[in-house]
Amino acid sequence: MGYRTVVMYMEIGCFVVCVSGWILVCSTMPTEIWTWSEVDSIVLTTSNYFSNLWKDCISDSTGVSDCKGIPSLLALNWDIHMCRALIIISIILAFFGSVLVLVGMKCTKVGGSEIANARVTFAGGMNYLIGGMCSMTAFSYYGNKIRAEFQDPNFRAQKFEIGVGVFIGWGGSTLLVVGGLIYSIFAGREGCRSSSKHYPAYRFPDAYAVAPAKKSLASLARSEISETRKSRNTSDTSDISDTSASSISGVTSITKTTATNEYV
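Just so it is clear, the model here is predicted, and its values are computed rather than measured.

**Student:** I tried to follow the pattern of salt bridges on my own but got confused; where do I start?
**Tutor:** Close approach of charged atoms lets side chains of opposite charge pair. By the definition in use, this model includes two salt bridges. Measuring nitrogen to oxygen at the nearest pair gives 3.2 Å for the salt bridge that ties Lys55 to Glu32. With a gap of 23 residues between them, Lys55 in strand β3 (residues 55-60) and Glu32 in the loop between α1 (3-27) and β1 (35-39) connect regions that are remote in the sequence. A relative accessible area of 26% means that Lys55 is categorised as partly exposed. Judged by relative accessible area, Glu32 falls into the partly exposed class, the value being 28%. Residues Asp79 and Lys145 are paired through a salt bridge, measuring 2.7 Å at the closest nitrogen-oxygen approach. Of this pair, Asp79 sits in helix α2 (residues 78-104) while Lys145 sits in helix α3 (residues 114-151), and the two are 66 residues apart along the sequence. Overall, the relative accessible area of 5% leaves Asp79 in the buried class. Here Lys145 falls in the partly exposed class, since its relative accessible area comes to 24%.

**Student:** I'm lost on the packing of α1 against α2 in this one. Help?
**Tutor:** Any two packed helices are characterised by the angle at which their axes cross and by the distance between the axes. One can describe the packing of α1 onto α2 by two numbers: an axis separation of 10 Å at closest approach and a directional angle of 155°. Classed by the angle they form, the pair α1 and α2 counts as roughly antiparallel. The way α1 lies across α2 gives a crossing that is left-handed. Across the interface between the two elements, Phe15, Val19, Trp22, Val25 and Cys26 from α1 touch Ile87, Ser90, Ile91, Ala94, Phe95, Ser98, Val101 and Leu102 from α2.

**Student:** Help me out: how do you make sense of the packing of aromatic side chains in this one?
**Tutor:** The description of an aromatic ring pair rests on the distance of the ring centres and on the angle between the ring planes. For the structure on display, the rule yields seven aromatic pairs. Arranged with centres 6.2 Å apart and planes meeting at 40°, the rings of Trp22 and Phe95 form a pair that is tilted. Taken together, the residues Trp22 in helix α1 and Phe95 in helix α2 connect sequence positions 73 residues apart. Among the residues examined, Phe95 registers a relative accessible area of 41% and is labelled partly exposed. Where Phe167 meets Trp170, the ring centres are 5.5 Å apart and the plane angle is 85°; that geometry is what we call edge-to-face. Here Phe167 pairs with Trp170, and both are found in helix α4 (residues 164-198), just three residues apart, close to one helical turn.

What counts as what
- Residues numbered from 1 in each chain as written.
- Predicted model: local features only at pLDDT ≥ 70, side-chain atom pairs only at ≥ 80, totals over all residues.
- Heavy atoms only, no water.
- Salt bridge = Lys/Arg side-chain N within 4 Å of Asp/Glu carboxyl O.
- Helix = DSSP H or I, 4+ residues; strand = E, 2+ residues; numbered from the N terminus.
- Buried < 20%, exposed > 50% of the residue type's maximum accessible area, 1.4 Å probe, protein only.
- Axes fitted to C-alpha atoms, helices over the stretch in contact; angles between N-to-C directions.
- Parallel < 35°, antiparallel > 145°, perpendicular 65-115°, else oblique.
- Left-handed = near helix turned anticlockwise from the far one by under 90°.
- Contact = heavy atoms within 4.5 Å.
- Phe/Tyr/Trp six-rings, centres within 6.5 Å; stacked < 30°, edge-to-face > 60°.

Structure follows, in structure tokens:
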């Protein structure tokens, strides 16, 4: 089994994991039991109070339940608004992450080259990872707030416990974080390695080479001057030798001529 086949099956498995986590996070929005409390002070019936980010509900042992939406958004605390915003951002990011991963996976063959598919898959994995971190922050903060109020002896209001919606949110966020992290590692390694091979390091042309130092320039000038002087001296000596040789030959020819005339 080749490396590409292993990566393809890994991408399929991570896609199933991330989509499952996204579905679990989405299911926490209509879930009503984020917090719950049981009041058994009544003799015949037992009342249960439970709520989520959007409404408060009450039910009894007879099966009758009634829910009431939160009347004012501006009257809520800032932490409720923060949890709402983080969960909605997580759902949106996970949705776009699913679209990007479907385009970039090796088994779909929708994208272009291998490098482009790896980069698209890396973007989808980062969406999953950031979305999972956002939802994990929201659920963890909400659960920690319920725990702190329950364990605080000075808290006089009605105390609640952590409901099933928070636990489902923790599970879905964990799946998103794990799947997005695996996507980011494998796809990022392939995309970055391919891009580094495709674009080699830039090499400066020869015109931008480092200029020689002042000492080297001075030494080069001195060597050139000495070479010109040597060439001049050589030419002068050659000219003198040629002149002396011509003069000697002229004297020799004159002596020969005078000797011949005297003999005659």
